[in-house]
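A closer look at the structure
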Amino acid sequence: MAGGWRRYLEEESEHQWLAISGFFLFILLGALALEGTSDFVGDDMVRISNQHQGAMVLDIVHHGESGTYTALVYAPTVGYHMFTEFADGSVNTIYQPEGVDMGREVTFLTTIEGQPAFSSAPNSWIVLQDGAMVTYEIQANGELFDVHDIAKHRSDERVMVLTQEGQNTTVRGVSNLQATSPMSTSSGVQWDRLIHLHDDQWVATGHHIATAGADGSSPATPERRPTVGFIQWQGANATPTLTGVRMLSGTFHSLISTDDGAVIGGSLTSHHVGLDATITDIDAPSSVAIADAEDNVWFLGDQGSTTVGIYTNGVYEIETLSKPMPISTTVVALNGATIDVHGTNGEGEPAQWSIDTKANGSIESGRGFLNLLFMIAGGAILGMMCVSATRSLTQEQRS
């Protein structure tokens, strides 16, 4: 057996080197081809055919059956419309100028346990359940306030609301539709977003406006510093307490709940907030951010940006877009496996751009196809070399 292998290697040495050289050339060409398809492939402009065609989308959430969404839109010559468009194309009008004209009063639009929720009147929020508007009236001992955001506890029925009370913002707990007293102090911060973090802890973001000239800025334009606040609330009639404040830099545009805490999207730097309230910087300057169905957070720039950032389990990666981002963003929403970006194009007209979060690396993409082709071809070449070597060795032994 050993003698047969030795004679075969001696006789075929020149052919072996030629085969090895050819195989390494194949690997090199395959690597160059894969590098040539390294750009992100899941981004493209969308031809708008939905109910919001021709109007500026101010806020939108997708929910229920695929293709169903609720949106607040604005058209300069018409006004504000709010509606739900279902997957079959039917539309349920919520507010319109010709009827109940309260679209301009909507202070937020989000989802609670998969159902659209918003507020358009003091001391209340509305949840859309199977097309019906269910109003939740908050009892607050005669006090009036606007609800600007709402956050439900991850594992129980506790709800916290971010409220506008006079010139200031604060938070209140809501238990059995009975509001607590407002948080005792806000440390001079105007809060604008709120989520539940973990156990009895909640997170709010906003901005702190320094006393004119106190921080060295111009008295006419005091500096606005983005701020993260940690709030403790045990529930029932206990008053929420601000337990910690961190002032950072830039501006915040997003506050996203994730399985391992929260992500804050920022114009200069973004941040991850752990379940233990630790804050870690993410080098992801952006104009909008959103989490996909698999808890990956996507960071998008503004019109003309050539990259998109993806934050997954503590790792931040940058992908190069197939072409520069074509629109200026007003709002972003998750639609199944697609991220829909709404805004305006270069002519100032309403436009929509989308990112397929599953496309990059899939078999439908150029890179995915080349990956598969490379594996098949490489396996075939190795297989043929093994078969050829086995046949030659067998013939040598027989002779």
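For the structure itself, look to the data block above.
We now turn to the structure provided with this report. (Residues numbered from 1 in each chain as written. Predicted model: local features only at pLDDT ≥ 70, side-chain atom pairs only at ≥ 80, totals over all residues. Heavy atoms only, no water.)

**Quick notes on the side chain of serine 186**
Within the fold, serine 186 resides in the loop between β13 (178–179) and β14 (189–198). For serine 186, the side chain forms a polar contact with the side chain of tryptophan 191, separated by 3.3 Å. Setting aside its immediate chain neighbours within four residues, serine 186 contacts Thr169, Thr170, Trp191 and Leu242. (Helix = DSSP H or I, 4+ residues; strand = E, 2+ residues; numbered from the N terminus. Polar contact = N/O pair within 3.5 Å; in protein donor to acceptor, adjacent residues only side chain to side chain. Contact = heavy atoms within 4.5 Å.)

**Here we look at the nonpolar core**
Of all hydrophobic cores here, the largest spans 15 residues; its most connected members are Trp298, Leu300, Val332, Ile339, Val341, Trp353 and Ile355. Looking at this core, the elements with two or more residues in it are β22 (288–291), β23 (297–300), β24 (307–312), β27 (338–344) and β28 (350–356). Counting residues per element, this core draws most heavily on β28, at three residues. If you look at the next biggest cluster of nonpolar residues, it comprises 14 residues, including Ala117, Ile138, Val159 and Val174. (Core = buried A, V, L, I, M, F, W, Y, C linked by side-chain atoms within 4.5 Å. Buried < 20%, exposed > 50% of the residue type's maximum accessible area, 1.4 Å probe, protein only.)

**Section: the side chain of histidine 153**
Relative to the helices and strands, histidine 153 resides in the loop between β10 (146–152) and β11 (159–165). Separated by 3.2 Å, the side chains of histidine 153 and histidine 196 make a polar contact. At 2.7 Å, the side chain of histidine 153 forms a polar contact with the backbone oxygen of aspartate 199. Setting aside anything within four residues of it in sequence, one finds histidine 153 in contact with Arg158, His196, Asp199 and Trp202.

**Concerning the sheet that holds β23**
Sheet architecture is open: four strands sit in the order β22-β23-β24-β25, paired in antiparallel fashion. Every interior strand has two partners, whereas the edge strands, β22 and β25 (315–320), have only one. The mean angle between the axes of side-by-side strands here comes to 20°, regardless of whether they run parallel or antiparallel. (Pairing = 2+ DSSP bridges. Axes fitted to C-alpha atoms, helices over the stretch in contact; angles between N-to-C directions.)

**Some points on the pattern of salt bridges**
Summed over all chains, the structure comprises nine salt bridges. Across the salt bridge formed by glutamate 165 and arginine 172, the nearest N and O atoms sit 2.7 Å from each other. We note a salt bridge from glutamate 294 to lysine 358, for which the minimum N-O separation is 2.2 Å. A residue pair is termed long-range when its members are at least 10 positions apart, and glutamate 294 in the loop between β22 and β23 and lysine 358 in the loop between β28 and α2 (366–398) qualify at 64 residues. A relative accessible area of 51% means that glutamate 294 is categorised as exposed. One network of salt bridges, in which partners are shared, links Glu113, Lys152 and Glu157. (Salt bridge = Lys/Arg side-chain N within 4 Å of Asp/Glu carboxyl O.)

**Remarks on the sheet that holds strand β7 (residues 115–119)**
Strands sit in the order β6-β7-β8-β9 across an open sheet of four strands; the sheet is antiparallel. The sheet terminates laterally at β6 (108–112) and β9 (132–137), the two strands that pair on one side only. Sheet twist, expressed as the average angle between the axes of neighbouring strands with direction ignored, equals 30°. Sheet topology places β7 next to strand β8 (residues 124–129); two bridges connect them, and they run antiparallel. Paired with alanine 117 across the strands is valine 127, a residue of β8.

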